[in-house]
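# Close look at the chain arrangement
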Amino acid sequence: ADRKLCLLRCNYPDCVSVVQRGSWWNWRLWLDDLRTSAAKVLQRRLGAGQSPMAAAILLGAREDVDREQTDAFFQTGTIHLFAISGLHVGILAGALFFIARCGLMPRRAALLFVIVLTVGYCLLTDARPPVVRATILVVTACIGWMSLRRPSLVNTLSCAAIVVLLLNPADLFRSGPQLSFLAVATLAFFKRYLIPGEPDDPLDRLIARTRPAHVKFGKAVGLHLWKLFTVSAIIWLVALPLVMYRFHLFSPIALVLNTIIAIPITLALLFGFGTLVCDLLLPPLTAPMAWICDSSLWFTQTVVVGGSHLRNAFFYVAGPPLWWVLIFYWGLALAFVLPRWRPPRRWGIAIMLAWI
């Protein structure tokens with residue numbers, strides 16, 4: 001699938017000798033040197049316990065992550081944090097646009113700045129299918145905003161799928177791309193339920209605006225936490241048949257953990273990128289950036305490893321047969337593509353429960 005026809009292993013580094021140096025003009029060599037330098041910065045600035053995880057979630061370099069730690073993230077359903085995906089690319093693009101719009105660039109130049117650096121980050125992380133998908137979504141959205149048009153999420157997602165399959169058709173049969181596209185399609189399908197608008201009643205809107213500041217803040221925090229839990233739960237439920245079929249794993253603890261670590265992992269990504277940038281441009285700011293990133297990763301790691309030791313946190317299961325999984329997702333796809341044929345909500349829930 002990756003055009004690799006053999007694997008060669010050796011027990012010691014002395015078993016390997018350099019026959020010929022690669023060409024200096026190889027752009028892949030430049031990216032590898034840049035990725036190696038960034039990993040060394042993280043290793044120097046962060047603690048020994050968190051630097052491998054930082055390199056994994058920021059650069060996609062998972063070679064140094066401890067096996068026990070990887071198993072804990074896998075068993076608790078949080079292994080997606082190690083795969084560079086829409087979460088990482090979205091946070092990077094949002095941070096870049098915010099910084100560029102702080103009086104540094106006009107709107108169009110800021111969007112072009114985001115496109116260039118997002119594509120560069122995609123190449124830096126080895127252009128894996130989830131990164132390619134997220135990058136195409138970001139680039140399409142930026143081009144749409146530059147031309148004052150709203151891009152269609154379905155068309156954009158289809159474009160991303162075509163590009164991913166052109167790069168490697170074997171990705172159609174891999175779990176990573178399947179779960180990545182499934183998660184975005186699920187968000188698109190349930191978007192109108194996840195993003196409620198203002199109250200319809202003018203009196204309710206007036207009451208909401210006149211509440212004290214601490215009440216507004218508390219309601220906003222509660223609403224965001226509820227959204228995090230709802231989004232996590234919906235994606236988990238929709239992806240569950242595929243996860244059980246591919247990995248034979250059922251992780252109910254993921255519903256809780258993904259909500260708890262959402263904010264820390266966001267801080268880790270933001271300040272991890274900040275650590276790499278400040279180490280190059282603003283060295284005095286590197287230490288506080290690295291401390292926040294290190295603390296966030298420590299909290300995330302502690303919560304996940306602790307959750308993996310809880311009783312009934314996860315179960316290994318046989319998983320549904322392939323025909324069941326195919327019919328289940330074909331039914332969801334038809335409900336998404338043909339809304340007129342979609343049954344009423346209560347009938348849809350009843351049919352799904354009966355099918356399960």
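Throughout what follows, the structure given in this document is the object of discussion. (Residues numbered from 1 in each chain as written. Predicted model: local features only at pLDDT ≥ 70, side-chain atom pairs only at ≥ 80, totals over all residues. Heavy atoms only, no water.)

Next up on the list: the overall build of the protein chain. Helices and strands together make up the secondary structure of the protein chain, namely 16 helices and 2 strands. Counting only C-alpha atoms and orienting by the principal axes, one finds that the protein chain spans roughly 70 × 55 × 45 Å. A buried classification covers 35% of the 356 residues belonging to the protein chain. Sequence separation of at least 24 residues holds for 72% of the intrachain contacts in the protein chain that already meet a minimum separation of 6. When the accessible surface of the protein chain is split by element, carbon and sulfur atoms take 68% of a total near 22,600 Å². Where the 33 positive side-chain charges of the protein chain centre and where its 17 negative ones centre are 11 Å apart. (Helix = DSSP H or I, 4+ residues; strand = E, 2+ residues; numbered from the N terminus. Buried < 20%, exposed > 50% of the residue type's maximum accessible area, 1.4 Å probe, protein only. Contact = heavy atoms within 4.5 Å. Areas by Shrake-Rupley, 256 points an atom, 1.4 Å probe, with all protein chains shown as cover. Lys, Arg positive; Asp, Glu negative; His and termini not counted. Charge placed at Lys NZ, Arg CZ, Asp CG, Glu CD.)

Time to look at helix α7 (residues 153-167). With 15 residues, α7 should reach 21 Å at 1.5 Å per residue; the first-to-last C-alpha distance of 21 Å fits that figure. Listed in full, the buried residues belonging to α7 are T156, L157, A160 and V164. Burial along α7 is one-sided: seen end-on, the buried residues are contained in an arc of 95°. Turned more than 90 degrees off the buried face of α7, the exposed positions are N155, I162 and L166. On the buried face of α7, the contacting elements are α6 (129-146) and α8 (175-189). (Expected span 1.5 Å × (residues − 1). Arc of directions from axis to C-beta.)

Here the focus is the nonpolar core. Counting residues in each nonpolar core, the largest one holds 57 residues, and the members touching the most others are L42, I57, L58 and L297. Counting residues per element, this core draws most heavily on α6, which supplies 9 residues. Apart from the residues within four sequence positions on either side, L297 is in contact with L46, Q50, M53, A54, I57, I265 and A268. Core analysis: the second largest hydrophobic core is formed by 9 residues, L182, W324, V325 and Y329 among them. (Core = buried A, V, L, I, M, F, W, Y, C linked by side-chain atoms within 4.5 Å.)

For H248, which is not glycine, the phi torsion reads 55° and is therefore positive. Here H248 is to be found in the loop between α11 (213-247) and β1 (249-250). Unlike most non-glycine residues, N312 shows phi in positive territory, near 60°. Following the sequence through the fold, N312 ends up in the loop between α14 (286-308) and β2 (315-316).

Taken as a whole, this structure holds 5 salt bridges when the rule is applied. Residues D279 and R44 are paired through a salt bridge, measuring 3.1 Å at the closest nitrogen-oxygen approach. Of this pair, D279 sits in helix α13 (residues 262-281) while R44 is found in helix α1 (residues 27-45), placing the two residues 235 residues apart along the sequence. On the basis of relative accessible area, D279 is assigned to the buried category, the value being 19%. The exposed category is assigned to R44, whose relative accessible area is 53%. (Salt bridge = Lys/Arg side-chain N within 4 Å of Asp/Glu carboxyl O.)

The description of two aromatic rings rests on the distance between their centres and on the angle between their planes. Applying the stated criterion across every chain, the model contains 10 aromatic pairs. On the basis of an interplanar angle of 85° and a centroid distance of 5.5 Å, the ring pair of Y121 and F273 is categorised as edge-to-face. With a gap of 152 residues between them, Y121 in helix α5 (residues 107-124) and F273 in helix α13 connect regions that are remote in the sequence. This pair shows no difference in class: Y121 is buried, exactly as F273 is. Taken together, a centroid distance of 6.2 Å and an interplanar angle of 80° make the contact between W323 and W355 edge-to-face. On the criterion of sequence distance, the pair formed by W323 in helix α15 (residues 322-337) and W355 in helix α16 (residues 345-355) is long-range, its members being 32 residues apart. The exposure class assigned to W355 is partly exposed, which follows from its relative accessible area of 33%. Grouped by ring-pair contacts, the aromatic residues W323, W324, F328, Y329 and W355 constitute a single cluster. (Phe/Tyr/Trp six-rings, centres within 6.5 Å; stacked < 30°, edge-to-face > 60°.)

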